[in-house]
Amino acid sequence: MADAVAVPQFQLPVSPADLLRDDGRGDYVVQEVLPIRELPPALAAFRAAFRARGALAVLQHFDSVYSVLHHFRTVGTAVKEDALELMVNVVSHHSNELPGILSDAGLSHADRATHLNALKMNCYLLTSLVDAFEMETLKNSLSEADPGGKNKKNHAKTSGSFWEEEREPVLQLLTQVLQLDLRQLWGGLSVEEEFVSLMMGSCYRILENPSIGLQKYRATREAVTHLLAGALIHCRQMFSATLKITQMLQHFEHVAPVFAQAVSLWAKEYGLKSLVGELLREIGQKCPQDLAREASGVKGYSTFVTELAGEIPVLVLSNMSVLLHHLDGESYMMRNAILAAMAEALMQVLNGDQLEEAARGTRDEFLSMLQAHVCDVHSFVRSRVLQLFTRIVQCKALPLTHFQSVVSLAVGRLNDKSVIVVKNAIQLLAAFLSNNPFSCKLSCADLDKPLKKEVQKLQEMRDRVRSTAVAPVITPEEEWEAMLPEVRAATQQLFQPLQEREEEMLEVEETVESAVEQITGLLRKLNYKSAACLTQKALCRFQGKEPFSSLMEENEEATILDVLKRLYTGSCPGENSEDPPNDNSSHKTKEVVQEEQSQTELLKQETLVQYLQDAYNFSVKITEALNLISKLMYENSVSVVQEAIEFFVTVSQFGVPQALLGVRRMLPLIWSKEPGIKEAVLNAYRQLYLSPSEDSERAKAQSLVHSLSLIMVDASLGTIQCLEEIISEFVQKDEIKPAVIQLLWEQFTEKSQCSSLEQRAAVMLLGMMARGKPEIIGSNLDILITVGLSEKACEDYCLAQEVCNVISKLGGDPKPAKKNSAPFRLPQNHMLFGCLSETVSKGFAQPSTHWIPFMDAAVMLIYQLAEGPEEICAHILQVCSQQALEKLQEADEQNSDPGNSPSRDSGGAASLPTFMLMHLVSLVGQVALQQVAHLEVSVSAEIRRRRILKEEKTKKHSDSSKKKRRSQATGNETTMEEELGLVTATADDTEAEFIHSICETELLDGKHLFSAFVPLVLKICNNPGLYSDSALSAAAALTLGKLCMISSEFCDSHLRLLFTMMEKSPLPGVRSNLIIAAGDLAIHFPNLVEPWTSHLYARLQDPCPSVRQTAGLVMTHLILKDMVKVKGQVSEMAALLIDPDEAVVGVAQNFFGELSNKGNAIYNLLPDIISHLSNPDCAIEEESFHTIMRHLFSYITKDKQTESLVEKLCQRFRTARLFPCSSAGKSVCSTKKLGSPQQSSQL
């Protein structure tokens, strides 16, 4: 041990270089830094010395390991690993030896100093190696992305994997050292602070690695946590740990969750609860202005507070006051953290009905703060608070008293300008619905009735309680207290000599019971003096007997009063239970019980009324939110649309009636170009309709069919088309079970009892499914014809119409089984066409408003599926015309009496019933339109198909000859291919011209059937006074438009009539029909209609909203298809943006939305629109003008376009001088936010 004593004292250095300098104080100094080549033998010598002398060998071999540290960056991996393994063994051996050494009472001062030196050296070398390995690992992880240095990368992998395996055992070893009672090495004093800091410094170094938060390093984090806990407990490093943790939170964002878990563990398992307060106080003392400038620091602090509140909310709650001032700071992240800590306290601590008054006050204060920050200036805070409220509601931690206020705030945030806030507001409302304590059905109508009933009952109960209220019952004890002063005064008179004669006149009864009754009666009669006198005598006579068993003491007066009280209040066994006053008391007690019961029932009723009132108010707010959220389904943000869709799914599950409107409103989103939105719609309908709660397949099918049928009630054509797209998707994915299809067929064939509406809905659903799988109806065509188009068809034309629509799906397969194969057609003698012809003909002479829609569907189906459809329809026309002629002859015979001879001008068609004339005109128009479509589409396609087949057949026979020609004249190959292409194009033109010639020359000539009806249609259109029926006029106008589709010559000669009727007809139906017809003619004969374009634009100002909507839709299609020239007249479309009718405004918004997708269309049109709308003749108010401009300018998103637009407006101001107040003023107002400040000044 003599050599060991000679070693100088080892002082832990601030930096490794300090050990190389001798400061003259006699401390240990490294004598020599060994070169790299000598390190392996030096470590081997150290290992041999360790085997011989144990851990004290470091006293002679410290320089060897120090040299490894000195050359750590350049020394080989094997040497570094060897040094670490050696030091782990040395420190482990020393820590195992120290308990025995320190327990030796004979340990000398020199030996203690030697072991202290050895321990400090060993721990210094081991922790320095830990730091070196950590630095190397961090450096390698940062350079992994470097494409160069492959050898270094491989080297780093080897060293890194070794260190990852050794890291946890080393930390556990250091923890073991700190757990020893090392104070004896320091002479019984506390452990040297530098020694503890050495251990803790290694922990902090490990935590600086950004990868420490990964799941694979969980064991390492736990080891670091326990090591730091040992330092905090055994070595009292609370203050330094607080500062270090705060600094690391400021500079290393990734350590926040790690330290939150560590502090939580220290507080729970090691009792270091005061550290939580110190850390939060240190964070609370940070200047809010400084935090606003330090993004990295504030992120670490905020994450730490949030995570810590989730782990130990009780301790964070007790220290919350030191953080609250940050709610007024500029850093939104700190506000979010503190609000999150409040929410955790509300969910985990301040939750429940058994809170104390102070805790309830804290809870309400926190909730008020959270509600105040729903309207925070920063959108991230608003969004975060809404998320926190969502969690609070899901945990059922929100008191009912705050339900209404929070719901109102969430509804208000639906109009927030931030997308993420709107999204979280919708989520919060959905959480309120899913966790509401009121009812599974939240219909205002359903809740209003029971609420009124219970309110009335409550009022009746209050009136009843008020009328039956009794006076307060006074107990005998209360009566005694009231009469005690008089009784005491009467008793005191007994002890005055002047009263002796009077006392002698009173005698006590013979028995105790009689005496008790006598005295009690005197008290009831308010004869207190006699009662006291008798009591005095009874005490003397009946000594030892109840109730006179009290011994006379020094204070005889108190004894008499005590006996009197017991007798009067009935607390003595001698009292007569049948005494009348006692009966009165019992009666009063019953009244008290009854009154208490009434009060209890009243309180229950008040609670019930309040519950129903809260439920009703909640339902009203949810209904208000529905209207706002339904509008959000067409926002640009995909996430908001998805949340809105999910919200309506949730609302539907709670039976809110308005939810069905939202479910219908989301239907058009199935056409969205965003895959996420389309999939969200499919998932919504999948949850609502394909996942019923019933057990059996039959019950599930019935539920699905019933739900889908409800959607189709009063549904528009667009809604049905959207639903068809959704159902066809489900059918193609086999998500609709066969039991559903089977049930639909049963309802259609009336095998299962159902109404006519359900039967019609069943066939419509079958048609929707047939779009996905046509075989659903293809294999049951006979059933459809037999049930839907039989003799009963005349009784229900709506069902027959839907059957026609369903059967038409057979001819609508866009994917033919074979290329150039013949289209699906049925022979003319098929029973389908016989039933259709018969049903149309029978219904022709019967007045029915549903016959015309059925006839349209039937004629369309004939042309779609029949071979030679024109013959079938010609036969139908002939039969119907014959019926009209027969009816006309009957009318002529009836009018042939003398004196009633009608002129030929007023007879004829005018003698027919109006409905029959309308049927005839509509039938002619529909057949004419379908004939044109048949020629231009089906016949043209068939001619082309046959030509292609013929060419292919010819090509096969001429292959050999073509090869010979190519070998003889290769130079003409290109010319021949060009000629072949020219021949194909010429053939197409020839076929089109052939179809065109048929339409122009044959369909309306005198030989064709249509020519017989043209004069009739023209007569009705030209004589609106004679034919004044609105339905007939509308049908004739539509038929005129359809006849114009046949021939350009006929169209040109009757366009003036058509547009005159469109402009001057007093009937909105006529004007709407002619607008639609004019739109079709503009596509079919654009050159003919082009001069009349202004008349089409004029209908955008029609006094009837439905006509304006129709005109807007037609012009939208024409403009977007480039069939109409868009100039200044498009300002008429812009004026629809301020239309009083919402449907018309929607059409205009849709138009400009679609137009904005066509390049710079709106940008190019804006100057003309501004010029026209700012003209005084336009008579548009300034505020309306601003509304239009705000909407149009929202499509101008490019800065260059903005600047150019401002310049164009400046140039146009010269021409606006005639109207300075209107044109220039409105333009400036509308463009005040465009362009740079210089351009604004120019404006």
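Residues numbered from 1 in each chain as written. Predicted model: local features only at pLDDT ≥ 70, side-chain atom pairs only at ≥ 80, totals over all residues. Heavy atoms only, no water.

1. Things to note about the overall build of the protein
How we decide: Elements are defined by DSSP. Helices are runs of H or I of four residues or more, strands are runs of E of two residues or more, and each kind is numbered from the N terminus. The buried label goes to any residue with under 20% of its type's maximum accessible area, the exposed label to any with over 50%, and the partly exposed label to all in between, with areas taken from a 1.4 Å probe on protein chains only.
On a plain count of helices and strands, the protein comes out with 56 helices and 0 strands. In the protein, which comprises 1243 residues, the proportion classed as buried is 47%.

2. Remarks on the environment of Lys-545
Considering the arrangement of structural elements, one finds Lys-545 in the loop between α24 (528-541) and α25 (556-569). Remark: the alpha-carbon pair of Lys-545 and Val-512, spanning 33 residues in sequence, is separated by 7.8 Å.

3. Section: helix α27 (residues 638-652)
Just so we agree on the cut-off: Multiplying one less than the number of residues by 1.5 Å gives the expected span of a helix.
Here α27 spans 21 Å end to end across 15 residues, near enough to the 21 Å set by a 1.5 Å rise per residue. Of the residues making up α27, those classed as buried are Val-640, Val-641, Glu-643, Ala-644, Ile-645, Phe-647, Phe-648, Val-649, Thr-650 and Val-651.

4. Let's talk about the environment of Ser-881
In this structure, Ser-881 sits in helix α39 (residues 869-894). Residue classification places Ser-881 among the buried positions, given a relative accessible area of 16%. In this structure, the C-alpha to C-alpha distance between Ser-881 and Phe-844, residues 37 residues apart in sequence, is 9.5 Å.

5. As for unusual backbone geometry
With a phi close to 55°, Lys-396 is a non-glycine residue in the positive phi region. With respect to the secondary-structure elements, Lys-396 resides in the loop between α17 (379-394) and α18 (403-412). Positive phi, close to 55°, is recorded for Asp-734, a residue that is not glycine. One can find Asp-734 in the loop between α31 (717-732) and α32 (738-748). Among the residues examined, Asp-734 registers a relative accessible area of 48% and is labelled partly exposed.

6. Looking at helix α43 (residues 1014-1022)
So the rule is basically this: Contacts are assigned to residue pairs that have any heavy atoms within 4.5 Å of one another.
Within the sequence span of α43, burial applies to Val-1014, Leu-1016, Val-1017, Leu-1018, Ile-1020 and Cys-1021. Against the buried residues of α43 lie α40 (914-957), α44 (1030-1044) and α45 (1048-1064).

7. Side note on the nonpolar core
General note: in soluble globular proteins, nonpolar side chains tend to be found buried as a group. The condition that has to hold: Among buried residues, those of type Ala, Val, Leu, Ile, Met, Phe, Trp, Tyr and Cys that are joined through side-chain atoms within 4.5 Å constitute a nonpolar core. Where each domain starts and ends comes from a domain assignment, either automatic or drawn from a database.
Membership of the largest hydrophobic core comes to 348 residues, with the highest contact counts inside it found for Phe-62, Phe-195, Tyr-685 and Ile-807. The residue makeup of this core includes at least three contributed by each of domain 1 (1-140 + 163-235) and domain 2 (240-251 + 262-349). Those residues in contact with Phe-195 that lie beyond four places of it in its chain are Leu-12, Leu-119, Lys-120, Cys-123, Val-177, Leu-178, Leu-182 and Trp-186. With 28 residues, the next largest nonpolar core counts Trp-480, Val-508, Ala-538 and Phe-542 among its residues.

8. Re the packing of aromatic side chains
As a reminder, the rule being used: Think of it this way: a Phe, Tyr or Trp ring, Trp meaning its six-membered ring, pairs with another when their centres are within 6.5 Å, and the plane angle makes it stacked under 30 degrees, edge-to-face over 60, tilted otherwise.
Following the criterion strictly, the structure yields 16 aromatic pairs and no others. When the centroid spacing of 5.9 Å and the interplanar angle of 80° are considered together, the rings of Phe-647 and Phe-648 count as edge-to-face. A residue is classified by how much of its surface remains accessible, and Phe-647, at 1% relative accessible area, is buried. Between Phe-1151 and Phe-1152 the ring centres are 4.9 Å apart and the planes differ by 70°, which places this aromatic pair in the edge-to-face class. For the pair Phe-1151 and Phe-1152, a shared accessibility class is recorded, and that class is buried.

9. Thoughts on the pattern of salt bridges
Going by this rule: The working definition used for a salt bridge is a side-chain nitrogen of Lys or Arg within 4 Å of a carboxyl oxygen of Asp or Glu.
Following the criterion strictly, the structure yields 31 salt bridges and no others. The closest approach of N and O atoms between Arg-771 and Glu-725, which form a salt bridge, is 2.7 Å. Placement of the pair is Arg-771 in helix α33 (residues 756-772) and Glu-725 in helix α31, with a sequence separation of 46 residues. Residue Arg-771 is classed as partly exposed on the basis of its relative accessible area of 39%. Overall, Glu-725 belongs to the buried group, its relative accessible area being 9%. The salt bridge involving Glu-1183 is made with Arg-1190; its shortest N-O contact spans 3.6 Å.

10. Looking at the packing of α44 against helix α46 (residues 1068-1084)
Filter applied, for reference: Note on method: axes are straight lines fitted to C-alpha atoms, helices fitted across the in-contact stretch only, with angles between N-to-C directions ranging 0 to 180 degrees. Angle categories are assigned with fixed cut-offs, so that under 35 degrees is roughly parallel, over 145 is roughly antiparallel, 65 to 115 is roughly perpendicular, and the rest are oblique. Nonpolar residues are Ala, Val, Leu, Ile, Met, Phe, Trp, Tyr, Cys and Pro. Charged residues are Asp, Glu, Lys and Arg, and all others, Gly as well, are polar.
Put simply, α44 and α46 touch, their axes get as near as 8 Å, and they point 10° apart. In terms of their interaxial angle, α44 and α46 are classed as roughly parallel. Residues Ser-1030, Ser-1033, Ala-1034, Ala-1037, Leu-1038, Gly-1041 and Cys-1044 of α44 lie in contact with α46, whose contacting residues are Gly-1069, Val-1070, Asn-1073, Leu-1074, Ala-1077 and Leu-1081. Residues that form the contact of α44 with α46 fall into these classes: 8 nonpolar, 5 polar and no charged.

11. Considering the side chain of Asn-209
Within the secondary structure, Asn-209 is located in the loop between α7 (193-207) and α8 (218-235). For Asn-209, a relative accessible area of 6% translates into the label buried. For Asn-209, the residues in contact, after removing those within four places along its chain, are Glu-134, Thr-137, Leu-138 and His-254.

12. Focus on the packing of helix α15 (residues 332-348) against helix α16 (residues 357-372)
As a reminder, the rule being used: Two helices crossing with the near one rotated counterclockwise from the far one by less than a right angle form a left-handed crossing, whereas a clockwise rotation gives a right-handed crossing.
Interaxial distance between α15 and α16 falls to 10 Å at its minimum, and their mutual angle equals 140°. The pairing of α15 with α16 is recorded here as oblique in orientation. Where α15 crosses over α16, the two elements pack in a sense that is left-handed. When α15 is examined against α16, the residues Leu-339, Met-342, Ala-345 and Leu-346 are found in contact with a partner set consisting of Arg-363, Phe-366, Leu-367, Met-369 and Leu-370. For the contact of α15 with α16, the per-class residue count stands at 8 nonpolar, no polar and 1 charged.

13. Points about the confidence of the model for the protein
To be explicit about the condition: Scored between 0 and 100, pLDDT is the confidence that the predictor attaches to each residue.
A residue-level look at the protein finds 85% of positions with pLDDT of 70 or above and a mean pLDDT of 80. Confidence drops under a pLDDT of 50 for residues 147-158, and excluding neighbours within four residues, the segment shows 7 contacts in the predicted structure. Ignoring residues within four places in sequence, the model shows residues 572-583, a span with pLDDT below 50, making 11 contacts including any to other chains.

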